[in-house]
Amino acid sequence: MLSLLVALAAAATVRAIPDVEVVPKENKCSNWPFYRQMSSVAGPFTLFAASTGTEIDGNRATYVTISDTTIAAGWVGITSQQGAAVPQVQCQVFGSAEMLAMNLNGQYQPLSISEYIYHEYDGLVFVKNVARGAPIEPHWHYYPNGTRQDGTFLGWNNFTTWAYLLDQQSNKYRIRLLTDTAQKLYDGEFTGFVRAGDPRLSD
Ligand SMILES: *[C@@H]1O[C@H](CO)[C@@H](O)[C@H](O)[C@H]1NC(C)=O
Ligand SMILES: *[C@@H]1O[C@H](CO)[C@@H](O)[C@H](O)[C@H]1NC(C)=O
């Protein structure tokens, strides 16, 4: 009986992400949803929270402006309200790279993973980094039974687990990529994936 209670208590506090095998895809727009061969653009679509095991699954991404424009125009956060209006995202060509980009005031600006320590958190997604960080790459997930988990997941170099934290000031969830399986979470953080596309579709 005692061990059952202990197990239940542990289950209540750990919101584990699903057990999946991560498979990185080539960083090409054709590997993101809604790819249009004629224009070489994928999208527009939105980015949204997935597999967090919380009520924010399906909530979509927007940006929060950074006052220091020598770093970036903004950081990407997940809205705390379902159905809030958000900017569109697409994959397009920037020079020799194919990158996700977010619509800021009518112009698509590239997204990348920050290598800055901004408010003590690195691995955030920046919009229009002054010095671009790591690229955001598409990944697929497979369950142990071989079935593919619906969706195309954001990550880098085979890492697709993100730490979510509610930023009190903006009331948005910051997401930072965990690039080390032993990385610990800060107070209030929980883990999940970040998906591109449409929650109602499987691609
Ligand atoms: C990606 O990670 C999985 C474990 O989730 C591993 O089995 C696979 O070999 C890795 N692939 C690459 C290309 O590193
Ligand atoms: C494989 O596992 C996933 C996750 O547990 C489940 O949703 C899916 O239905 C399973 N597929 C088959 C064919 O059993």
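Calculation notes
Residues numbered from 1 in each chain as written. Chains lettered and ligands numbered in written order. Predicted model: local features only at pLDDT ≥ 70, side-chain atom pairs only at ≥ 80, totals over all residues. Helix = DSSP H or I, 4+ residues; strand = E, 2+ residues; numbered from the N terminus. Buried ≥ 20, exposed ≤ 12 C-beta atoms within 10 Å, placed from the backbone. Contact = placed C-beta atoms within 7 Å. Core = buried A, V, L, I, M, F, W, Y, C linked by C-beta atoms within 7 Å. Near = placed C-beta within 6 Å. Nonpolar A, V, L, I, M, F, W, Y, C, P; charged D, E, K, R; others polar.

1. Digging into the overall build of the protein
Move 1: A tally of regular secondary structure across the protein gives one helix and 14 strands.
Move 2: Its C-alpha atoms put the protein at 60 × 40 × 30 Å along the principal axes.
Move 3: The buried share among the 203 residues of the protein stands at 35%.
Move 4: For the protein, long-range pairs separated by at least 24 residues make up 55% of all intrachain contacts whose partners lie at least 6 apart in sequence.

2. A look at the nonpolar core
Move 1: With 41 residues, the main nonpolar core has V76, L111, V125, I175 and V194 as its most contacted residues.
Move 2: Counting residues per element, this core draws most heavily on strand β3 (residues 41-50), at six residues.
Move 3: Contact partners of V76, with chain neighbours within four places excluded, come to A61, Y63, L111, V125, V127 and I175.

3. Details of the site of ligand 1
Move 1: Looking at ligand 1, the residues that line it are E21, V22, P24 and N158.
Move 2: Partitioning the shell around ligand 1 into residue classes produces two nonpolar, one polar and one charged.

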